[in-house]
Amino acid sequence: RGHALHVNHGLQEAAALFETHARETASKLGVPFHVAHPHARHAPGESPEDAARRARYAAIATLAGEAGVSAVLLAQHADDQVETLLLALS
């Protein structure tokens, strides 16, 4: 049986909507839902994307451990995929 792990670091205006959607989808599927709200702000001179990524992966690891999850599958929404590609190309 699976679990839904969601990280909301609040860096996008739609972050609360993403969390609500994830929570509702997990509920409809009968899947336990776990959410983390990590501090993901970057330090001066630090990349905001790197800070958010580190906070996100640390939160996922914590949620997975607390839920007894041994394998994690990750997903991004389409805008994140475009941003990732543009960052890689730059």
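Source: prediction; values computed, not measured. (Residues numbered from 1 in each chain as written. Predicted model: local features only at pLDDT ≥ 70, side-chain atom pairs only at ≥ 80, totals over all residues. Heavy atoms only, no water.)

Undergrad: Could you clarify how one ought to interpret the overall build of the protein chain in this entry?
TA: The helix and strand tally for the protein chain stands at three helices and two strands. The buried share among the 90 residues of the protein chain stands at 21%. Sequence separation of at least 24 residues holds for 60% of the intrachain contacts in the protein chain that already meet a minimum separation of 6. In the structure as shown, the protein chain presents an accessible area of about 6,500 Å², 57% of it carried by carbon and sulfur atoms. (Helix = DSSP H or I, 4+ residues; strand = E, 2+ residues; numbered from the N terminus. Buried < 20%, exposed > 50% of the residue type's maximum accessible area, 1.4 Å probe, protein only. Contact = heavy atoms within 4.5 Å. Areas by Shrake-Rupley, 256 points an atom, 1.4 Å probe, with all protein chains shown as cover.)

Undergrad: Teacher, can you tell me more about the nonpolar core here?
TA: Inside soluble globular proteins, nonpolar side chains tend to come together where they are buried. Grouped together as the largest cluster of nonpolar side chains are five residues: Val7, Ala36, Ala59, Ile60 and Leu63. In contact with alanine 59, not counting residues within four places along its chain, are Val7, Ala36 and Pro38. (Core = buried A, V, L, I, M, F, W, Y, C linked by side-chain atoms within 4.5 Å.)

Undergrad: Can you walk me through the pattern of salt bridges in this structure?
TA: Between side chains of opposite charge, a pair can form as their charged atoms come close. Tallying each qualifying case throughout the model produces three salt bridges. A salt bridge links glutamate 19 to arginine 23; the nearest nitrogen and oxygen atoms lie 3.0 Å apart. Here glutamate 19 and its partner arginine 23 are both found in helix 1 (residues 15-29), four residues apart, which amounts to about one turn of the helix. Accessibility expressed as a relative area gives 11% for glutamate 19, which makes it buried. Look at arginine 23 and you get partly exposed, because its relative accessible area is 40%. The shortest N-O distance in the salt bridge between arginine 54 and glutamate 46 comes to 1.8 Å. On the basis of relative accessibility, which here comes to 47%, the residue arginine 54 falls in the partly exposed class. (Salt bridge = Lys/Arg side-chain N within 4 Å of Asp/Glu carboxyl O.)

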